[in-house]
Amino acid sequence: MTSLQKSALRRSLRERRRGLSVNAQRTASRNLDTQLRALPVLRSARNIALYLANDGEISPYTTLRRLSRMGKRCYLPCLRRTHLAFRSHRPGQTLRSNRFDIPEPAPRRGTDLPVAAMDVILLPLVGFDRKGNRLGMGGGFYDRTLARLSPMKRPLLIGLAHHCQEVEQLPVQSWDIPLDAVVTDKSVYWLKQRRRP
Ligand SMILES: Nc1ncnc2c1ncn2[C@@H]1O[C@H](COP(=O)(O)OP(=O)(O)OP(=O)(O)O)[C@@H](O)[C@H]1O
Ligand SMILES: [Mg+2]
């Protein structure tokens, strides 16, 4: 697949998720939480990174609220020049917009945690396939952030998606970090037996 075809694929998958109605998004977020609720790895996790939905991404906000109530430590990505940092967040705490106009937690003393200390990262995605390949927004931010860690020291990586974001086969590039699982509003796909807890 050429980079032109890759960007065309990105565009069409982004249009697809942005085309979902407000109601469909709300239902998807609830159904996603039902799928995530059943995962033992989230029950045993202490530090969990999520994200605030943007551009039609499936929203893990229902899950963020539930996990926070359970006393889990939840984190959101904060954009640095080339990488992501993870900062703790509880619903209701102050947010501010980053350079892509995506809200992120405002700086507070002692609230950043190194990526290696996350137990689970729930990642947004534009497209996924059943082999665990992930197509992101194209900035390479998750890839670069996760490349710093050796594969066995990586937090468990779970991509979150609307079921309509599945594609038969994604192009894979040397720097792409594969997912351990993908959870949609309808299904859970475990991808690497090696890392399945
Ligand atoms: N580990 C890395 N070191 C340096 N550059 C990287 C690394 N990983 C990715 N990149 C760069 O980032 C750019 C975008 O990568 P890619 O197309 O895989 O983005 P993506 O996976 O869709 O985005 P994201 O990870 O932000 O969701 C590529 O041009 C690539 O060169
Ligand atoms: Mg990538």
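Everything discussed here concerns the structure shown above.
A brief structural summary. (Residues numbered from 1 in each chain as written. Chains lettered and ligands numbered in written order. Predicted model: local features only at pLDDT ≥ 70, side-chain atom pairs only at ≥ 80, totals over all residues. Heavy atoms only, no water.)

1. Details of the side chain of E104
Part 1 of the argument: Following the sequence through the fold, E104 ends up in strand 5 (residues 103–105).
Part 2 of the argument: Residue E104 is classed as buried on the basis of its relative accessible area of 3%.
Part 3 of the argument: E104 has contacts with P77, C78, L79, T94, L95, R96 and N98, leaving out every residue within four places of it along the chain. (Helix = DSSP H or I, 4+ residues; strand = E, 2+ residues; numbered from the N terminus. Buried < 20%, exposed > 50% of the residue type's maximum accessible area, 1.4 Å probe, protein only. Contact = heavy atoms within 4.5 Å.)

2. Overview of helix 2 (residues 22–37)
Part 1 of the argument: Taking 1.5 Å of rise per residue, the 16 residues of helix 2 would be expected to cover 22 Å, and the 23 Å separating its terminal C-alpha atoms lies within 8% of that figure.
Part 2 of the argument: Taken together, the buried positions of helix 2 are Q25, A28, S29, L32, D33 and L36. All buried residues of helix 2 project into a common sector of 140 degrees when viewed along the axis, lining one side. Turned more than 90 degrees away from the buried face of helix 2, the exposed residues are N23 and T34. (Expected span 1.5 Å × (residues − 1). Arc of directions from axis to C-beta.)

3. Side note on the coordination of the magnesium ion (ligand 2)
Part 1 of the argument: Those protein atoms acting as donors to the magnesium ion (ligand 2) are D143 (OD) and D176 (OD), and they sit at 2.0 to 2.1 Å. Taken as a pair, D143 in helix 5 (residues 141–147) and D176 in the loop between strand 10 (156–161) and strand 11 (181–184) lie far apart in primary sequence, 33 residues in all. Summarising the burial analysis for this pair, D143 and D176 share the class buried. (Donors = N, O, S within 2.8 Å, 3.2 Å for Na, K, Ca; no water.)

4. As for the site of ligand 1
Part 1 of the argument: Around ligand 1, 15 residues are found, and the nearest of them are R10, G136, F141, D143 and W175.
Part 2 of the argument: In the environment of ligand 1, an oxygen atom lies 2.8 Å from a nitrogen or oxygen atom belonging to the side chain of W175.
Part 3 of the argument: About the coverage of ligand 1: the protein hides 73% of its 640 Å² of free accessible area.
Part 4 of the argument: Sorting the residues of the shell around ligand 1 by element identifies helix 1 (3–18) and helix 5 as the ones contributing at least two each.
Part 5 of the argument: No other element matches the 5 residues that helix 5 contributes to the shell around ligand 1.
Part 6 of the argument: A breakdown of the residues in the shell around ligand 1 according to their chemical character gives 5 nonpolar, 4 polar and 6 charged. (Near = heavy atom within 4 Å. Polar contact = N/O pair within 3.5 Å; in protein donor to acceptor, adjacent residues only side chain to side chain. Areas by Shrake-Rupley, 256 points an atom, 1.4 Å probe, with all protein chains shown as cover. Nonpolar A, V, L, I, M, F, W, Y, C, P; charged D, E, K, R; others polar.)

5. Things to note about the pairing of strand 3 (residues 84–88)
Part 1 of the argument: Of all the 5 residues making up strand 3, 5 are buried; the element is thus mostly covered by neighbouring parts of the structure.
Part 2 of the argument: The alternating pattern of strand 3 places L84, F86 and S88 on one face and A85 and R87 on the opposite face, and all of these are buried.
Part 3 of the argument: Note: strand 2 (residues 73–79) against strand 3, 5 bridges, orientation antiparallel. Bridge pairing links C78 to A85 in strand 3.
Part 4 of the argument: Hairpin remark: strand 2 followed by strand 3, antiparallel, with 4 residues in the connecting loop.
Part 5 of the argument: Relative to strand 6 (residues 112–113), strand 3 is paired through 2 bridges, and the arrangement is antiparallel. Following the sheet pairing, R87 is matched in strand 6 by D112. (Pairing = 2+ DSSP bridges.)

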